Amino acid sequence: KLYRQGHENVRPDAVSFSSVIRSYSKVDPKDASIAVEKVMRLLNELEGSFIVDSDTNISSCYNAAANVMIKSGLPDAVDRVKELVKRMKNMDADQDGRLKTSIIEAYASQGSRESFQEGKELLLKMMDDQDPDLEKDAVPFNILLNAILKGNSTEKIEQAEELMVAMDKVGGNARPDLLSFNMIISALSRSSAKDSEHEQKAVGHLRNMLKSYTNGHEKAKPDSFVFNCIISMLARSKQHEWADNAMYRTLMAMESQVTRGNKLVTPDTITYNIVIGKLAKSGTKQNAKKVMKLLMSMEKAALSNEAKAPDIITYTSVLRILEKVDPLQAADVASCYLQRAMSNGEKMQVDRLGLQTLLMALSRSPKFDHAMMASIVWVWMENSNKVEHGVLDSGLCDLVLIAFSKTNDAKTAGKALSFLSERVSRYKEGDKTIILPTVVGFSAALVSLAKANRIDDSLRLLEIMKVLSKNGVPNIKPDDGCYNSILINLARSQAKNTAAQALTVVRRMKEDLGQISNASLNSAINNCTKMTEESHVARRKGVEIAFQIFQLGRESQSFDTITFALMIRTCIKLTADESARFKLVEPLFKLCAKNGLVGSMVMSEIGPFKKLLIVNDRLPKGWTINVGYRDR
């Protein structure tokens, strides 16, 4: 309008028309037919008013119009693009390969098997005829490939693979290149149908790509995208064993490309984490070896490239699989990581989930050094103000004490008590930021003390727990598990006075809880059976203590078939005279039978007295009526 008013400098040129025409390719599909009509009117205006000269090229306008036709999805798109070719000739516009490729793309956009075949055959014919407007390379094929894969045909994967076979037959630079492989592999990774088949096809295409590049086709040089696409696809695979192996080999191929100098391939921490995370889910020894190999590769590469440095996610996955196949190695890995974390300070962040995984790995180890590492890292985290950020909590504090409870080192009880005492002292002094363990952690400390036969310290710790609980500290009140932790591990301490110690503990339990549990009663009596190497006087005293403990259990109605079996064992093992043994065993057995608790363990313990206690070697039904199925 301005031009017609005399403003000659604002005359629309080829760039003006092509820019406006190109914008119609982005309209909503439902408006496609309107967009096509507006484009055709613009071309009519262009052709009616434009004076072609040697310095002007209007091909871009027709190319833009062809793009609109293709994206419109109209059933006659092919005919419309062909019509554009004729109009270009009438305008003596310079024709290029782009418009001819648009015809092929239009065929592909129709979505049918027939239109795909027509487009492919037309392209191959152009290649055979050595059309001067078309370079004999992968570009026009990739345009057709892109149109196929973006279409809605249910056969688009098969059509794309068929086209790639044709590209190989043409040979030379027309062979599939990086873009070709990226498109087909990306399409396969997005597909939800025939997952297992498509996964194997994608891996096959990657293999073909690497082979083509190795054989000298430089344009098939792979990049990180194609590898990561395969790895991400396999990470979701349900073909677990096959996918694990394929994913590991894919990452090894990436490392090989880096070694050969391919700068387009740069596996980073995320890539390694995806592979390690997938391998860690199966928990096999074979996968554990692969995971450790990848971890060592990352640690080595990290010395010169921080992008490959393992992070807490890496170690969390590594520990997940090592805990299943080699807990001791898991603890070693956790310890090494934490040493580096503390030496590097803020450069190596540890979140709560990561710290939990690390401490759990340490807590499963019998090594004293690993328990010490758990306590040292806890103090380091406290001093790093991690409490304010919600990283540390009572549950994690429990793991430190559990780590100590798993070791048998002579120094363990002292270190565990020292760790716990420091926290309790700071709490009493008014430090409200201090984190105390729960009853689980205190029970673990009781285990360490009981193993060392430090029963007085154990009882004092129970008293501290009671006071803290009364002061409002949650989840810290002593329960049956605390007393049982002492009794079970007291028996393992191999001390000479375990029976008397056990009696002291059950009396305290009766006083504190009002009753003695069945499990604790049995653990206490079991301590009496361990006195076989002591003097005659001590053993007789052990029998007396066993009956005192048994009486406390009867008052709590906590006995079962195992209780009677342990009592009979104590009497037989600790009494030298056979007549005296029988006098002790007979009333116990009768009481056991009266309560219907004559189980398999009781029968095994009465041994030589079996014929004297059971008439005709037959048990009346009432003698076993209260015995659980597994104990009969």
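Scroll up to find the structure this text is about.
Note that the structure is a prediction, hence the values are computed from the model and not measured. (Residues numbered from 1 in each chain as written. Predicted model: local features only at pLDDT ≥ 70, side-chain atom pairs only at ≥ 80, totals over all residues. Heavy atoms only, no water.)

Chemist: What exactly am I supposed to notice about the environment of Arg 507 here?
Modeler: Here Arg 507 is to be found in helix α24 (residues 498-513). When neighbours within four sequence positions are excluded, Arg 507 is seen to be in contact with Gln 548 and Leu 552. Engagement of the side chain of Arg 507 in a polar contact is seen with the side chain of Gln 548, the distance being 2.9 Å. (Helix = DSSP H or I, 4+ residues; strand = E, 2+ residues; numbered from the N terminus. Contact = heavy atoms within 4.5 Å. Polar contact = N/O pair within 3.5 Å; in protein donor to acceptor, adjacent residues only side chain to side chain.)

Chemist: Could you clarify how one ought to interpret the pattern of salt bridges in this entry?
Modeler: Between side chains of opposite charge, pairing is possible as soon as their charged atoms come close. Summed over all chains, the structure comprises 27 salt bridges. Across the pair Glu 299 and Arg 340 runs a salt bridge, and its minimum N-O distance is 3.2 Å. In this pair, Glu 299 sits in helix α14 (residues 285-301) while Arg 340 sits in helix α16 (residues 327-344), placing the two residues 41 residues apart along the sequence. Among the residues examined, Glu 299 registers a relative accessible area of 29% and is labelled partly exposed. Classification of Arg 340 as partly exposed rests on a relative accessible area of 29%. (Salt bridge = Lys/Arg side-chain N within 4 Å of Asp/Glu carboxyl O. Buried < 20%, exposed > 50% of the residue type's maximum accessible area, 1.4 Å probe, protein only.)

Chemist: How should I be thinking about a positive patch on the surface in this particular structure?
Modeler: Together, Arg 22, Lys 26, Lys 71, Lys 150 and Arg 190 line one region of the surface with positive charge. Along the chain, Lys 150 turns up in helix α7 (residues 139-150). (Patch = residues over 30% accessible without salt bridge, like charges linked within 9 Å, V, L, I, M, F, W, Y side chains within 5 Å. Areas by Shrake-Rupley, 256 points an atom, 1.4 Å probe, with all protein chains shown as cover. Lys, Arg positive; Asp, Glu negative; His and termini not counted. Charge placed at Lys NZ, Arg CZ, Asp CG, Glu CD.)

Chemist: Before we go on, may I ask you to explain the layout of surface pockets in this structure?
Modeler: Space left empty within the atom packing is revealed by a probe, the size of a water molecule, rolled over the atoms. For the second largest pocket, the calculated volume is near 380 Å³. In terms of lining, the second largest pocket is formed by 17 residues, of which the most central are Ile 70, Glu 105, Ser 109, Ala 147 and Lys 150. Going through the elements one at a time, α3 (59-72), α5 (97-109) and α7 are the ones with two or more residues in the lining of the second largest pocket. Here the lining of the second largest pocket takes five residues from α7, the largest share from any one element. By residue class, the composition of the lining of the second largest pocket is three nonpolar, 10 polar and four charged. (1 Å grid on protein atoms, 1.4 Å probe; cavity = no way out; pocket = protein on both sides within 12 Å on 5 of 7 lines; lining within 4 Å. Points joined across faces, edges and corners; volume = space filled by probe spheres on them. Nonpolar A, V, L, I, M, F, W, Y, C, P; charged D, E, K, R; others polar.)

Chemist: In this structure, what is going on with the side chain of Ser 365? I would like to understand it.
Modeler: Tracing the chain through its elements places Ser 365 in the loop between α17 (352-363) and α18 (368-383). Taking relative accessible area as the criterion, Ser 365 reaches 0% and is therefore assigned buried. A polar side-chain atom of Ser 365 sits 3.1 Å from the main-chain amide nitrogen of Lys 367. A distance of 2.6 Å separates the side chain of Ser 365 from the side chain of His 370, its partner in a polar contact.

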